[in-house]
Amino acid sequence: MTENKEHLPNILIVDDTEENLAFLEAVIENVEANLIQAHSGYEALEKTRGIELALAIIDVWMPGMKGYELAVRLNDERSGDKVPVIFLTAAHISEVEVFQGYTHGAIDYMFKPVDCHILTCKINVFLELFNHKQSIVRDAALLKESANELKSSLEQQHRLTQYIEKVRENERVAISRELHDDLGQALTAVKIDLGIIKQMVPDNEVVLKIKNVSVLVSDIIKTVQRLTSQLRPQIIDDLGIVAAIEWYTKEFAQRTGIELFLDMDSGVPITPEASLTVYRIMQESLTNVARHSQATHVDIALNKAGESVYFGISDNGIGIAEDEIKSKTSFGIISMKERAASMGGTFDICREPDHGTLIMLIFPLNHIRADENSDLR
Ligand SMILES: Nc1ncnc2c1ncn2[C@@H]1O[C@H](COP(=O)(O)OP(=O)(O)O)[C@@H](O)[C@H]1O
Ligand SMILES: [Mg+2]
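In this report, the structure presented in the accompanying data block is examined. (Residues numbered from 1 in each chain as written. Chains lettered and ligands numbered in written order. Predicted model: local features only at pLDDT ≥ 70, side-chain atom pairs only at ≥ 80, totals over all residues. Heavy atoms only, no water.)

**Concerning the overall build of the chain**
- On a plain count of helices and strands, the chain comes out with 12 helices and 10 strands.
- Taking 377 residues into account, the globule formula puts the C-alpha radius of gyration at 21 Å, and the chain, at 40 Å, lies well above it.
- Taken along the three principal axes of its C-alpha coordinates, the chain extends 130 × 45 × 40 Å.
- Of all 377 residues assigned to the chain, the portion counted as buried reaches 40%.
- Within the chain, residue pairs in contact and separated by at least 24 positions form 65% of the contacts whose partners lie at least 6 positions apart.
- With 37 positive and 58 negative side-chain charges, the chain shows a separation of 9 Å between the mean positions of the two kinds. (Helix = DSSP H or I, 4+ residues; strand = E, 2+ residues; numbered from the N terminus. Rg over C-alpha atoms; globule rule 2.2 N^0.38 Å. Buried < 20%, exposed > 50% of the residue type's maximum accessible area, 1.4 Å probe, protein only. Contact = heavy atoms within 4.5 Å. Lys, Arg positive; Asp, Glu negative; His and termini not counted. Charge placed at Lys NZ, Arg CZ, Asp CG, Glu CD.)

**Details of the site of ligand 1**
- The full set close to ligand 1 counts 14 residues, and N288, H292, D315, G332 and I333 are the nearest of them.
- Between ligand 1 and H292 there is a distance of 2.8 Å, counted from an oxygen atom to a side-chain nitrogen or oxygen.
- One nitrogen or oxygen atom from the main chain of G332 is found 3.0 Å from an oxygen atom belonging to ligand 1.
- In isolation ligand 1 has 540 Å² of accessible area, and contact with the protein removes 81% of it.
- Among the secondary structure elements, those contributing two or more residues to the shell around ligand 1 are α9 (272–293) and α11 (331–342).
- Among the elements that take part in the shell around ligand 1, α9 stands out by supplying 5 residues, more than any other.
- Of the residues belonging to the shell around ligand 1, the class tally is 3 nonpolar, 7 polar and 4 charged. (Near = heavy atom within 4 Å. Polar contact = N/O pair within 3.5 Å; in protein donor to acceptor, adjacent residues only side chain to side chain. Areas by Shrake-Rupley, 256 points an atom, 1.4 Å probe, with all protein chains shown as cover. Nonpolar A, V, L, I, M, F, W, Y, C, P; charged D, E, K, R; others polar.)

**Some details on the side chain of N288**
- Here N288 shows up in helix α9.
- Assessed through its relative accessible area of 18%, N288 is described here as buried.
- When residues no more than four places from it in sequence are discounted, the contact partners of N288 are S293 and M336.

**Section: the coordination of the magnesium ion (ligand 2)**
- Distances from the magnesium ion (ligand 2) to its protein donors, namely E284 (OE) and N288 (OD1), fall within the range 2.1 to 2.3 Å. Pair noted here: E284 and N288 are both in helix α9, with a separation of 4 residues, about one helical turn.
- With a relative accessible area of 27%, E284 lands in the partly exposed category. (Donors = N, O, S within 2.8 Å, 3.2 Å for Na, K, Ca; no water.)

**As for α11**
- Given a rise of 1.5 Å per residue, 12 residues ought to cover 16 Å, and the 16 Å separating the end C-alpha atoms of α11 matches this to within 8%.
- When we look at burial in α11, the residues that qualify are I333, M336, E338, R339 and A340.
- Where the residues of α11 are buried, they touch α5 (116–200), α9, α10 (322–326), β9 (346–351) and β10 (357–364).
- Directly after α11, the chain includes G344, whose backbone phi takes a positive value near 75 degrees. (Expected span 1.5 Å × (residues − 1).)

Honestly, it's all geometry; don't read function into it.
Quick look at the structure:
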């Protein structure tokens, strides 16, 4: 082995004749490769164990292990790609023998006496192939590494999004409680006091003013109630997702004038956590319908299909544009996808052929049944 060429691709040369080895060595001296010489098949196997070979040049006829057997054993010891083999042989080899060589891993034959220019050219072709292969292997490893990094940063992003969503939900609960307990109760007290004051005041004009203020306070109380239930719809926890959807859509229809048709299985056994996800997706989708669709009619379905739950909303509006579906700034859509993923489900939104938009949420029943004792509604 030439000392300073150890980092170069390895070429094995095997010949029982010293002269032939010397000739090959002289040829390969001019090539960018590290030479491993052996006088027999056994020596060759010994010297190349665990070493990657770019090429093997093997004499067919040697005492002991023949060239073909060596080729087979060289490749048997390697798990990766086959080592290309050039067999050196006397000119009188038969066609049968040539065929036998190819079946044993030969890439090429060269007949003795070997032309050193042709051999150099052939060796260079194999080295080029080997170097290409090496760079592909290196690129593949880099690609795999980048893919793994990408995957883990995506996972991190998913976890972060889910965490932020949880924090937002907790904040909503806290604000909703403050609104309900403090502001709501204070307003109710004001309303009661106004009623008492009204009875104590003789002046009709003042009574009228008090009545007006009382109506205003009632409106504010209703607004607070609406805000409270938008922030955290207590109805989901109290009566379940079906009742919550019925309540929300009734209010939505009154507010927007859009007609809604509901087709929901009453006994879909989903947890409060999944119910909240379905509810938030419904809220976002219906807000989109009101804001962007120009629809007059919306269908909502919530059904159990085998071990999955299907939740669909379709409108008869202008239909979502293809580029909006894929847009990186469609944060409402992205957030619905994230919510679905957090339950091990899928979220799809598409434009329907006969106009309108369809959203489909499908999630596994098993996944959300993690808490076996949870309140199934
Ligand atoms: N039901 C719908 N009908 C028509 N277009 C829609 C519908 N839902 C969403 N879109 C389109 O998709 C876009 C992205 O929606 P979304 O991510 O919720 O963002 P935003 O509502 O804040 O614009 C909307 O701006 C709208 O153009
Ligand atoms: Mg939106």
